[in-house]
Structures are given as structure tokens and as C-alpha cells.
Amino acid sequence: MSDEQYLRYRDDLEVLAAIGTQVAAQTDRVTVRLSGALAEAAVAAWQREETAEPGPEGAARYALRDAAAELALIGLAITERGRREGEEVVVDLDVASAGAAARAAE
């Protein structure tokens, strides 16, 4: 790809970020319902201690670590403000965390 394409992509990123700013202003959090098992797995990710520093990592490993961090943040939200409703857990998630989960499902 040419440098010119990447300049356009950088401009696209700026527009996407501006859209994100407006979305965040309108929807700070979204209420979601999760199965109890998924909620427990997210809380376990939050409670897990990762003591080793990550070594050199390529894009794929960085993406995996980033996804694990997003899951842990969902676990934190569940710990702080989640509530059981029958077999499910209801929690208000930051829109960025909800978006990260939705992207991971794609």
C-alpha cells in the first residue's frame, strides 16, 4: 500500500474517533444481560493475577492480551455493579467494553 493510502486511513481514524466522542456523550453505559457462567468467567479474569511482564509480542499476541484486558474490565464492572436476576447477571457496561465484546464475536 502506498503512503497516500495510510494518510487517508489516518484521516479515517480521526473521523472514527470523532464519532466515538459523540457516541460516548450519548451512551456512557449500556445495560446488558449475561449468563451466570459468562459473568463468572469475566470476574475470574478480573481476579486473576498476571505477574509476568509480557515479552516481545507481535500483533496477534498483542490483540490477545488486549482482549483479555477487555474481559477483565467487564469482570470489574460485574464485581462493582452487576446484579443477579435468576440465571443471569445484569450489568451496566461502559460502551467501549460492550463494543470490544461485540467486535470479539465477529
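What comes next concerns the included structure.

Analysis parameters
- Residues numbered from 1 in each chain as written.
- Predicted model: local features only at pLDDT ≥ 70, side-chain atom pairs only at ≥ 80, totals over all residues.
- Heavy atoms only, no water.
- Pairing = 2+ DSSP bridges.
- Helix = DSSP H or I, 4+ residues; strand = E, 2+ residues; numbered from the N terminus.
- Axes fitted to C-alpha atoms, helices over the stretch in contact; angles between N-to-C directions.
- Contact = heavy atoms within 4.5 Å.
- Phe/Tyr/Trp six-rings, centres within 6.5 Å; stacked < 30°, edge-to-face > 60°.
- Buried < 20%, exposed > 50% of the residue type's maximum accessible area, 1.4 Å probe, protein only.

A word on the sheet that holds strand E3 (residues 88-94). Taken in spatial order, the 3 strands make up an open sheet running E1-E3-E2, and their pairing is antiparallel. Of all strands in the sheet, those with a lone pairing partner are strand E1 (29-35) and strand E2 (83-85), marking the two edges. Each strand of the sheet is rotated relative to its neighbour by a mean of 35 degrees, with strand direction disregarded. Bridge count between E2 and E3: 3 bridges; the pairing is antiparallel. Directly across from Arg84, in E3, lies its bridge partner Val89. Helix H2 (residues 36-47) rests against E1, E2 and E3 of the sheet, and its axis sits at about 110 degrees to E1.

Let us look at the packing of aromatic side chains. Under the counting rule described, the total for this entry stands at 1 aromatic pair. Between Tyr6 and Tyr9, the ring centres sit 5.5 Å apart and the planes meet at 80 degrees, which makes this aromatic pair edge-to-face. Placement of both Tyr6 and Tyr9 in helix H1 (residues 3-26) is noted, with a separation of 3 residues, approximately one turn of the helix. You can call Tyr6 partly exposed: its relative accessible area is 48%.

By themselves these figures say nothing about function.
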